[in-house]
Amino acid sequence: MKNYLLITLGHNSSAIFVDNSSFEETGKSCIIGYEEERLSRIKADSQFPIDAINEIKYNVGLNRMKGCEILISHWFNFNGAETPNKYITLQDIDALKEISTNIKLVNKDFTHHDAHAYSAYEFRDYFKKQEGNIPVYCIVADGFGNNEEVLSIYRRDTGKKPELVKRFYGYEKSLGLFYQYATSFVGMKENQDEYKFLGYEAHIHEIFNDAEIRTLAEESDKIVEKFKNMYSPASDDAKTVFAGICGCGREINYAKLAETKENWHKLFADILFKIGFNLDGLKSSMAIIPKRTAIAFVVQRTVEKVINCIVASFGIKYLCLAGGLFYNVKLNNSILTSLIDVDGNLSIMPLAGDQGAVIGMYAAEEDTPQFPFRTLAIGIRRLYNIEKFADDKNIFVKQIPQTGDIESIKYLASEIANHIANGRIVNIVYGNMEFGPRALCNTSSVFLPNAELTAENNANNKRNEVMPCAPVCTPFAAANLFSKDELERVIGSLNFMICTLHYTKPHSNMYDGVMHNETLSVKYTGRPQIVHVDSFMHKLLSKVQSITDMKCLVNTSFNNHGNPIVFDTADIISNHKMQCERAIVNGTKKPILYVIKS
């Protein structure tokens, strides 16, 4: 069987190597992958992922990679002319050719959105094979793809390949760009800070009165109607193939992108003016939180309504989601709720962004083994000389035998649980590093789920208090915390913190670090990671619950704000020491670090 090097270009560029050489003998593929930011230490790095490729090469050797098939889920002029662009240089192309000349790109016949769709179906199939005579749909929505497509709808019938149902084109129709440009309008970073809107939106009722909120809702409804008309099933967009971009005929229309951004920014300014902001006031530091809260409310409400209208108008019951728009965990819950009403279910590709699209290219290849989604911890770390930093007071380095010494694992889980039960923040670095945006307890700070410790951890990391934190829990605890209907209708995705769920219990001060008031509602939600029963984290959670009766812990990424999650010894120690220094200044207890090697 062939081996594959899967490459993502653009923001959050990345590389994954899939080694299938021993699959027929073992039934397993060996996977290793990195996002470029984890190695370059530049958040959301968009340079060609040469560091990621070199790290893979360091771990597996060039000989194992030689002659593999290289798949690239973005586009550039590689049709013989080998014309470089800002994401790939001639030197980068030469580096790829050293590995293999067998390079495939998305194109006008198999687009970037097609790659996203195949990734979503591959993920769903890993956790639940399609059975019976039921069509499963997939919606892909992001900024735009290589044919200027902005939203695509697919249908797959049992035993068949996905088929395109409808495709929509044009930057002005892009919900992804709508959200992205709202981010820059309020002074946050595009393709990086979008998730912060959910934190701001939840406080709308604290900042604006009922009349102002009604005005914002009315303005949102106007935008919804505009999008609904553009996304009507009767639209003829699906029959229109626009002139392609990079690799398919012409370059990205940057002038049109700039015009689209300017139009949205003007509309956002007009909306704020209607609730009392003037243009000079928009620049005031005092206006930052109200401005972000108002725009967050408008864009979130708009996107939720538009996507749910699309789901309803196409009669969708069983659904997969992929594309950067669906990193929006509250949007995903809104879709889930609408599908419960029609007795449907939902699967969200956890690598909803472009890092996941290239896995769809892999899935679309003939006779490839299924991509192993059980864990996304696929980045081998460099922990050179980490032992010398252990002090048995604040920094612990532990070894777990690969054979799985149950007693040693239980003892270690008990040791860490006692620290957590005593109100300490514990940084855990365990095994391989996660691929994708979520810290899934291999590179996490974990602690009791109260607001005080959440604030303390945010201060240690210089994080904004608006950022919501997520709970990690066992399947048994999740059944006691969250809506049964929602738990049962999400396929695979609840292991990966990609969808919020509604708590069934009333608000509790013991859990207010992970219970977030739903906007303009009395309900509370959380974005859980539900761990596997046989995992180390399951043992740790069970032990904490036996001591404290706490059914979950906070799980947030172990890194200082603005930095990627930690990769090697230098990153681990420097991030932890900075947290300790800030804790001393703030008069709180220093966090504890456990580096667990296997």
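Structural data are supplied above this passage.
Owing to the predicted nature of the structure, the values given are computational and were not obtained by experimental measurement.

Cut-off values and rules
- Residues numbered from 1 in each chain as written.
- Predicted model: local features only at pLDDT ≥ 70, side-chain atom pairs only at ≥ 80, totals over all residues.
- Heavy atoms only, no water.
- Helix = DSSP H or I, 4+ residues; strand = E, 2+ residues; numbered from the N terminus.
- Rg over C-alpha atoms; globule rule 2.2 N^0.38 Å.
- Contact = heavy atoms within 4.5 Å.
- Areas by Shrake-Rupley, 256 points an atom, 1.4 Å probe, with all protein chains shown as cover.
- Lys, Arg positive; Asp, Glu negative; His and termini not counted.
- Charge placed at Lys NZ, Arg CZ, Asp CG, Glu CD.
- Buried < 20%, exposed > 50% of the residue type's maximum accessible area, 1.4 Å probe, protein only.
- Polar contact = N/O pair within 3.5 Å; in protein donor to acceptor, adjacent residues only side chain to side chain.
- Pairing = 2+ DSSP bridges.
- Axes fitted to C-alpha atoms, helices over the stretch in contact; angles between N-to-C directions.
- Core = buried A, V, L, I, M, F, W, Y, C linked by side-chain atoms within 4.5 Å.
- Phe/Tyr/Trp six-rings, centres within 6.5 Å; stacked < 30°, edge-to-face > 60°.
- Lys NZ or Arg CZ within 6 Å of the ring centre and 35° of its normal.
- Salt bridge = Lys/Arg side-chain N within 4 Å of Asp/Glu carboxyl O.

(A) Highlighting the overall build of the chain. Assigned secondary structure in the chain consists of 20 helices and 22 strands. In terms of C-alpha radius of gyration, the chain reaches 24 Å, essentially the compact-globule figure of 25 Å for 598 residues. C-alpha extents for the chain along the principal axes are approximately 65 × 65 × 50 Å. Contacts in the chain between residues far apart in sequence, at least 24 positions, make up 73% of those at least 6 positions apart. Accessible surface, the chain: about 24000 Å² in total, of which carbon and sulfur atoms supply 50%. Counting 65 positive and 70 negative side-chain charges, the chain places the averaged centre of each group 2 Å from the other.

(B) Structural detail: the side chain of Asn-394. Along the chain, Asn-394 turns up in the loop between β11 (377–379) and β12 (395–399). Here Asn-394 falls in the buried class, since its relative accessible area comes to 9%. In this structure the side chain of Asn-394 is engaged in a polar contact, spanning 2.4 Å, whose partner is the backbone oxygen of Pro-591. Once residues lying within four places of it in the same chain are set aside, the contact partners of Asn-394 are His-576, Cys-580, Lys-590, Pro-591, Ile-592 and Leu-593.

(C) Representation of the environment of Ser-100. As for its placement among the helices and strands, Ser-100 is situated in the loop between α5 (90–99) and β5 (103–105). Classification of Ser-100 as buried rests on a relative accessible area of 6%. Note: C-alpha distance between Ser-100 and Met-65 (35 residues apart in sequence) is 8.0 Å. Those residues in contact with Ser-100 that sit more than four places away from it in its chain are Gly-67, Cys-68 and Ile-70.

(D) Examining the sheet that holds strand β8 (residues 163–169) more closely. Judged by pairing direction, the sheet is mixed, and its 5 strands sit side by side in the order β8-β7-β6-β9-β10 without closing on themselves. With one partner strand each, in any of the chains shown, β8 and β10 (345–348) form the two edges of the open sheet. The average undirected angle you get between the axes of adjacent strands in this sheet is 15°. One ladder, built from 4 bridges, connects strand β9 (residues 318–322) with β10; its direction is parallel. Within β10, the residue paired with Leu-319 across the bridge is Leu-346.

(E) Main features of the sheet that holds strand β4 (residues 69–72). Read across the sheet, 5 strands follow the order β3-β2-β1-β4-β5 without closing on themselves; strand pairing throughout is mixed. Looking along the sheet, the strands with just one partner apiece sit at the ends: β3 (30–35) and β5. Each adjacent strand pair in this sheet contributes to an overall mean axis angle of 15°, direction not counted. Inspection of the sheet shows strand β2 (residues 14–19) paired to β3 by 6 bridges, in the antiparallel sense. Bridge pairing in β3 places Ile-16 opposite Gly-33. Sitting on the sheet, α5 is in contact with β1 (4–8), β4 and β5, with an inclination near 165° to β1.

(F) Structural view of the nonpolar core. With 152 residues, the main nonpolar core has Ile-139, Leu-151, Ile-307, Leu-319, Phe-326, Ile-335 and Ile-416 as its most contacted residues. The greatest single-element share of this core, amounting to 11 residues, is contributed by helix α12 (residues 288–313). Residues in contact with Ile-416, not counting those within four places in the same chain, are Val-426, Ile-428, Phe-536, Leu-540, Tyr-594 and Ile-596. One finds Ala-52, Met-65, Ile-72 and Ile-93 within the second-largest nonpolar core, a separate group that totals 27 residues.

(G) View of the pairing of strand β15 (residues 443–447). Most of β15 is tucked away, with 5 of its 5 residues classed as buried. Side chains of β15 alternate between two faces, with Thr-443, Ser-445 and Phe-447 and Ser-444 and Val-446 buried alike. Relative to β15, strand β13 (residues 426–430) is paired through 4 bridges, and the arrangement is antiparallel. Bridge pairing in β15 places Val-426 opposite Val-446. Pairing between β15 and strand β21 (residues 553–557): 4 bridges, direction antiparallel. Of the residues in β21, the one forming a bridge with Phe-447 is Val-554.

(H) Region of interest: the environment of Asp-210. Relative to the helices and strands, Asp-210 is located in helix α10 (residues 210–230). Since its relative accessible area comes to 56%, Asp-210 is described here as exposed.

(I) Structural detail: the packing of aromatic side chains. Counted according to the given criterion, the structure contains 24 aromatic pairs. Taking 6.1 Å as the distance between ring centres and 10° as the angle between the ring planes, the aromatic pair formed by Phe-227 and Tyr-231 counts as stacked. For the residue pair Phe-227 and Tyr-231, the accessibility class agrees, reading buried in each case. For the pair Trp-264 and Phe-268, a centre-to-centre distance of 6.1 Å together with 20° between the ring planes defines the contact as stacked. Taken together, the residues Trp-264 and Phe-268, both in helix α11 (residues 254–274) and 4 residues apart, mark about one turn of the helix. Exposure class is identical for Trp-264 and Phe-268. Each is buried. Lys-291 extends its terminal NZ or CZ atom over the ring of Phe-185, reaching a point 6.0 Å from the ring centre. Over the ring of Tyr-58 we find Arg-382; its NZ or CZ atom is 3.6 Å from the centre of that ring.

(J) Fine view of the pattern of salt bridges. Tallied over the full model, the rule gives 29 salt bridges. With a shortest N-O distance of 3.6 Å, Lys-108 and Asp-109 are connected by a salt bridge. In this pair, the class of Lys-108 matches that of Asp-109, namely exposed. For the salt bridge of Lys-398 with Glu-415, the shortest nitrogen-to-oxygen distance reads 3.7 Å. Within this pair, whereas Lys-398 is found in strand β12, its partner Glu-415 is found in helix α15 (residues 406–421), the two being separated by 17 residues in sequence.

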